[in-house]
Amino acid sequence: MTYKQMSILTDVTQCIGCDKCVEACREENDLPPDKPWRWLRDITDLSTSRWTTVMRVKGDQGDRFVRRHCRHCLEPACVEACIVGALKKTPEGPVIYDRDICIGCRYCMIACPFEIPRYSWEDTVPYVQKCDLCYDRVQSEGKPPACVEACPSEATIFGEREELLEEARRRLAAEPQKYVQRIRGEREVGGTSVLHISDVDINLTDLDTAISDETPMPGRTFKVLQHMPTVFVQMAVVMGGLFWVIERRERLASERAAQAQKEEDAASPDGEGVDAAADSADSEDSNTPKGAE
Ligand code: SF4
Ligand code: SF4
Ligand code: SF4
């Protein structure tokens, strides 16, 4: 089945906070277990092991559980900010990421108004991670997103954006006393493919980091990017320096190995040649300024 604009609607009033969506997402995307990394303020926050999370929100009428993940904005600031096109808005709605193109500049993280993308600092070659709305699963297998399929209370449902907006309007109209008369994601930042309805104003939760107007973010992103060249040049200098240090280390190591081999080949039976090679390598090492390695 092809959806015109794949979307998710979460009804906060139906969420029981069971975290089944979080676990299903982890399994579907082969994400590791949660780990208390130094830079993680809260282990239940979005991270490279959690592309979605369920936040407990305290309110006057009791606790609520609110799912958080990429909103798949209709006009995504992350896509606009990415200078190499590693992030792409697909015609079907999901905003997807190509790690092979990404250069690690992380402008997308600066640009995202919802503070969604995470960076896998723990990896040798880090990259950006976020929910992709199960793009491949939906397109290739015709299944709904894993998180939606796993939800036992149908708090989170999947479908075409216009139909989900209709469903949200129907629920708001059917129980006007119960619901806040607002569909989160209908218009904020130009509209998103992830929608929320609730009986509490979830903007009070800081989830939206004070974003409530309807201006698409890319226009603002452009203003930020106007200031980027200086930063970019500085970053290029730092990256160039790092590359030089790493390349030099590798070159020294290979020169030492070649020298040691040569000395070994020419060594006398009592091993003097091998010792000489080691001494030579040590001597070169001790002459290397500390800051250069
Ligand atoms: S929520 Fe952030 S990461 Fe997701 S599409 Fe919008 S700008 Fe991009
Ligand atoms: S849509 Fe897919 S990637 Fe996004 S939170 Fe749900 S399971 Fe995870
Ligand atoms: S699986 Fe459904 S009910 Fe459970 S936490 Fe996720 S959205 Fe809420």
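Residues numbered from 1 in each chain as written. Chains lettered and ligands numbered in written order. Predicted model: local features only at pLDDT ≥ 70, side-chain atom pairs only at ≥ 80, totals over all residues. Heavy atoms only, no water.

Engineer: What is the right way to look at the packing of aromatic side chains in this model?
Structural biologist: Geometry of an aromatic ring pair is reported as the spacing of the ring centres plus the angle between the planes. Applying the stated rule across the entire model yields one aromatic pair. Arranged with centres 4.8 Å apart and planes meeting at 75°, the rings of Y119 and W121 form a pair that is edge-to-face. Residue classification places W121 among the partly exposed residues on the basis of a relative accessible area of 45%. The ring of F114 carries R71 above its face, with NZ or CZ at 4.2 Å from the centroid. Between R99 and the ring centre of Y127, over which it is positioned, the NZ or CZ distance is 3.5 Å. (Phe/Tyr/Trp six-rings, centres within 6.5 Å; stacked < 30°, edge-to-face > 60°. Buried < 20%, exposed > 50% of the residue type's maximum accessible area, 1.4 Å probe, protein only. Lys NZ or Arg CZ within 6 Å of the ring centre and 35° of its normal.)

Engineer: Looking at this structure, how should I read the sheet that holds strand β9 (residues 194–197)?
Structural biologist: Neighbouring strands of a sheet are bound in pairs by backbone hydrogen bonds; such pairs are parallel or else antiparallel. In space, the three strands of this open sheet follow the order β8-β1-β9, with mixed pairing throughout. At either margin of the open sheet sits one strand with a lone partner, and together these are β8 (156–160) and β9. Averaged over all adjacent pairs, the angle separating strand axes in this sheet is 25°, with direction ignored. Pairing analysis gives five bridges linking strand β1 (residues 6–11) to β8, with the strands arranged antiparallel. By the bridge assignment for β8, L9 is matched with I157. In the packing of helix α6 (residues 161–174) onto the sheet, the strands contacted are β1, β8 and β9, and the crossing angle to β8 comes to about 130°. (Pairing = 2+ DSSP bridges. Helix = DSSP H or I, 4+ residues; strand = E, 2+ residues; numbered from the N terminus. Axes fitted to C-alpha atoms, helices over the stretch in contact; angles between N-to-C directions. Contact = heavy atoms within 4.5 Å.)

Engineer: Explain a nonpolar patch on the surface to me, please; I cannot follow it from the model alone.
Structural biologist: Taken together, the side chains of I83, V84, I101 and I103 make up a nonpolar region of the molecular surface, amounting to roughly 310 Å² of accessible area. Mapping I83 onto the fold places it in the loop between α2 (77–81) and β4 (87–89). (Patch = residues over 30% accessible without salt bridge, like charges linked within 9 Å, V, L, I, M, F, W, Y side chains within 5 Å. Areas by Shrake-Rupley, 256 points an atom, 1.4 Å probe, with all protein chains shown as cover. Salt bridge = Lys/Arg side-chain N within 4 Å of Asp/Glu carboxyl O.)

Engineer: I would appreciate a short explanation of the confidence of the model for the protein in the present structure.
Structural biologist: Interpretation of the predicted coordinates at a detailed level should be avoided for regions scoring low in pLDDT. Of all residues in the protein, 70% attain a pLDDT of 70 or more, and the chain-wide mean is 80. Predicted confidence for residues 226–230 stays below pLDDT 50, and this span has two contacts to residues more than four positions away or in other chains. Here residues 271–293 is modelled with pLDDT under 50, and outside its nearest four sequence neighbours on either side it reaches 20 contacts, counting other chains as well. (pLDDT = per-residue confidence, 0-100.)

Engineer: Hey, could you run me through the site of ligand 3 in this one?
Structural biologist: Around ligand 3 lies a shell formed by C15, I16, G17, C18, D19, K20, C21, V54, R67, C151, P152 and S153. Its residues placed into classes, the shell around ligand 3 shows seven nonpolar, two polar and three charged. (Near = heavy atom within 4 Å. Nonpolar A, V, L, I, M, F, W, Y, C, P; charged D, E, K, R; others polar.)

Engineer: For this particular structure, what's the right way to read α6?
Structural biologist: Residues spaced three or four apart along an α-helix point in a common direction, a consequence of the helix completing one turn every 3.6 residues. Here α6 contains 14 residues, and its C-alpha end-to-end distance of 20 Å stays within 8% of the 20 Å for a straight helix at 1.5 Å per residue. Listing the buried residues of α6 in full gives R161, L164, L165, A168, R171 and L172. Looking down the long axis of α6, one finds its buried residues gathered within 125° of arc, a one-sided arrangement. Turned more than 90 degrees from where α6 packs its buried face, E163, A173 and A174 sit exposed. Looking at the buried positions of α6, the neighbouring elements they touch are β1, β8 and β9. (Expected span 1.5 Å × (residues − 1). Arc of directions from axis to C-beta.)

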